[in-house]
Amino acid sequence: MSQVTERTRNAIVTAMISLLEKKPFDKITVGDICDEAQINHSTFYRYFNDKFSLLHAVFEYLLDDLLAEANTTETIITQIADFIGKNNEFMRHVSPQYQTRANLYPEFRLILKDIVTRKWERSENTDDDHLIVMIRDSENPELMISLIVGALVGVVEYLEDNDFKIPKDEFTSFTDDFFRKWVEK
């Protein structure tokens, strides 16, 4: 990819992130994105089919950023809590609770699945992360990842119901304790 192409694509992605810090996803138009990125509509459509494909690229961008900054000793739960904390307004504005037409739970599931899968694939034989232990010891790692992601989506729904105002320590302590107890059984 050329530097100009990469720079334009990143400008569109960061424009969407900036807009999502200000208003809900379903209130953002392609015109808003173009104005924020200072591009025209044809340029937008050269890179993305619609705002949903752009949202997917935004999640990938944020996920890559999160994993690049993550310490290898951090648990998945801590990474997710950091992601939510760092992107609080973004999370609120892509949250299905605040949408009238867009069902964004598949995107939430995808990003959580990517976090868990990447962390598992990159993990060294560690017993520090209870979720990694659950996946590693499972007869069917993909099914275990799906189960873990389902539980994490439930926790994100709880956070959403509480307007993402649950303290990070409370979120990480509860969730990590739950999975630790599960592993010990």
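In what follows, the structure referred to is the one given above.
A few points on the structure. (Residues numbered from 1 in each chain as written. Predicted model: local features only at pLDDT ≥ 70, side-chain atom pairs only at ≥ 80, totals over all residues. Heavy atoms only, no water.)

1. Topic: the packing of aromatic side chains
Note the threshold: Here a pair means two rings of Phe, Tyr or Trp (six-membered ring of Trp) with centres within 6.5 Å. Their orientation is stacked below 30 degrees between planes, edge-to-face above 60, and tilted elsewhere. Each helix corresponds to a stretch of at least 4 residues labelled H or I by DSSP, and each strand to a stretch of at least 2 residues labelled E; elements are numbered beginning at the N terminus. Working definition: with a 1.4 Å probe on protein chains only, accessible area under 20% of the residue-type maximum means buried, over 50% means exposed, and in between means partly exposed. Lysine NZ or arginine CZ positioned within 6 Å of the ring centre and within 35 degrees of the ring normal marks a charge as sitting over the ring.
Applying the stated criterion across every chain, the model contains three aromatic pairs. Ring centres 5.1 Å apart and planes at 70° place the aromatic pair Phe25 and Phe52 in the edge-to-face group. Placement of Phe25 in the loop between helix 1 (3-20) and helix 2 (30-37) and of Phe52 in helix 4 (residues 51-69) is noted, with a sequence separation of 27 residues between them. The buried category is assigned to Phe25, whose relative accessible area is 0%. Phe52 sits in the partly exposed class, given a relative accessible area of 42%. Between Phe44 and Phe48 the ring centres are 5.9 Å apart and the planes differ by 40°, which places this aromatic pair in the tilted class. A relative accessible area of 4% places Phe48 in the buried class. Directly above the aromatic system of Phe25 lies the positively charged group of Lys51, at a separation of 4.5 Å from the ring centroid.

2. Quick word on the side chain of Ser138
Here is the rule: A 3.5 Å cut-off defines polar contacts: any pair of N or O atoms within that distance qualifies, except that in protein one atom must be a possible hydrogen donor and the other a possible acceptor, and neighbouring residues in sequence count only when both atoms are side-chain atoms.
Counting through the fold element by element, Ser138 comes out in the loop between helix 8 (130-137) and helix 9 (141-161). Of note is the side chain of Ser138, whose polar atom sits 3.0 Å from the backbone nitrogen of Asn140.

3. Brief notes about unusual backbone geometry
The phi torsion at Gln38 lies on the positive side, around 60°, for a residue other than glycine. Looking at the secondary structure, you find Gln38 in the loop between helix 2 and helix 3 (41-47). A residue is classified by how much of its surface remains accessible, and Gln38, at 74% relative accessible area, is exposed.

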